[in-house]
Amino acid sequence: DDDATRTAALQGTVAGCDRATRLVEQLLTLARLETAGASSQEVVDLVAVARGVLAELATRAITHRQELSLEGDAVAPARGAPLLLAVLVRNLVDNALRYSPSGARVRVSIATEQQRVVLRIEDSGPGLEPDQQGRLGERFFRAPGQDVPGSGLGWSIVRRIAQAYRLEVSTGTSSLGGLEVVLRWPAAGSRAHGDGG
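In this text the structure is predicted, and so the values were computed from the model without any measurement.

Engineer: I'd like a description of the overall build of the chain, backed by residues and values.
Structural biologist: Regarding its fold elements, the chain presents five helices and seven strands. Reading the chain from its N end, one meets helices and strands in the order α-β-α-β-β-α-β-β-α-α-β-β. For the chain, the residues scored as buried account for 42% of the 197 residues in total. For the chain, the exposed surface amounts to about 10,500 Å²; the carbon and sulfur share of it is 52%.

This is how it looks when you write it as structure tokens:
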């Protein structure tokens, strides 16, 4: 009956709609990947893709007083569709921001190591136990004790895109103290698909 209650109810409704929209978008992305795969073989500058994603997520980081940075090579040619690579980077960085507390650091670094492009996302959040890391990518899996809204589908999408482009995915403890996610592209000159995809 009062303005404060109505405002809180409206904000809750808007937040619920945002979560539902995000869930539908992720389900559609996952369905498209499972149906059509990732056929693009073009060479994309992964640094430019990451820079665009970080620019989109900067407002969220600023709102939560989080430090978001991009380090490494000036240019990193990697095979893949620009849209899918942006989804890949966005899901990983979004997770790092979402599950890290106010004031945390999230560092994205891109480098070429032994002719392989390497994308590394590190955060200073609480991290995950090794058994929980092993379950990342299971559809709808969320680590116990999480009070942050989410569906658990972001990692399923990451795993599917990584599989399509034969990326090696590993997780561990970040030098910042939280979770570290590392993706390695095939060596330069090798095909992104094995045995026809």
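Engineer: Give me the lowdown on the nonpolar core, citing residues and values where you can.
Structural biologist: Leu46, Leu88, Val93, Ile110, Leu119, Leu183 and Trp185 are the most contacted members of the largest nonpolar core, which has 40 residues in total. Put simply, the parts of the chain that give this core at least two residues each are α2 (46-63), α3 (82-98), β4 (105-113), β5 (116-123), α5 (154-164) and β7 (179-184). For this core, the element with the highest residue contribution is α3, accounting for ten residues. Leaving out residues up to four positions away in the same chain, leucine 46 has contacts with Ala76, Ala78, Leu85, Val89, Ile110, Val117, Leu119 and Trp185.

Engineer: Tell me about the pairing of β4, and please be specific about residues and values.
Structural biologist: Remark: a regular strand shows side chains that alternate across the two faces of the sheet. In this sheet, β4 lies alongside strand β2 (residues 67-72) in parallel orientation, the contact comprising six bridges. Note on β4: the bridge partner recorded for serine 69 is arginine 107. Pairing analysis gives eight bridges linking β4 to β5, with the strands arranged antiparallel. If you follow isoleucine 110 over to β5, its bridge partner there is leucine 119. Taken together, β4 and the strand that follows it, β5, pair antiparallel across an intervening segment of two residues, in which glutamine 114 is found at a positive phi of about 50°.

Engineer: Describe α2, and please don't skip the residues or the numbers.
Structural biologist: Note on helix geometry: an α-helix contains 3.6 residues per turn, so any two residues three or four positions apart are oriented the same way. The terminal C-alpha atoms of α2, which comprises 18 residues, lie 26 Å apart, in line with the 26 Å expected from a rise of 1.5 Å per residue. Every buried residue of α2 is listed here: Leu46, Val47, Val49, Ala50, Val53, Leu54, Leu57 and Ala61. Each element contacted by the buried residues of α2 is listed here: β1 (43-45), β2, β3 (77-79), α3, β4 and β5. Positive phi appears at arginine 65, one or two residues downstream of α2, with a value of about 55°.

Procedures and definitions
Residues numbered from 1 in each chain as written. Predicted model: local features only at pLDDT ≥ 70, side-chain atom pairs only at ≥ 80, totals over all residues. Heavy atoms only, no water. Helix = DSSP H or I, 4+ residues; strand = E, 2+ residues; numbered from the N terminus. Buried < 20%, exposed > 50% of the residue type's maximum accessible area, 1.4 Å probe, protein only. Areas by Shrake-Rupley, 256 points an atom, 1.4 Å probe, with all protein chains shown as cover. Core = buried A, V, L, I, M, F, W, Y, C linked by side-chain atoms within 4.5 Å. Contact = heavy atoms within 4.5 Å. Pairing = 2+ DSSP bridges. Expected span 1.5 Å × (residues − 1).

This is a description of form; function is not addressed.
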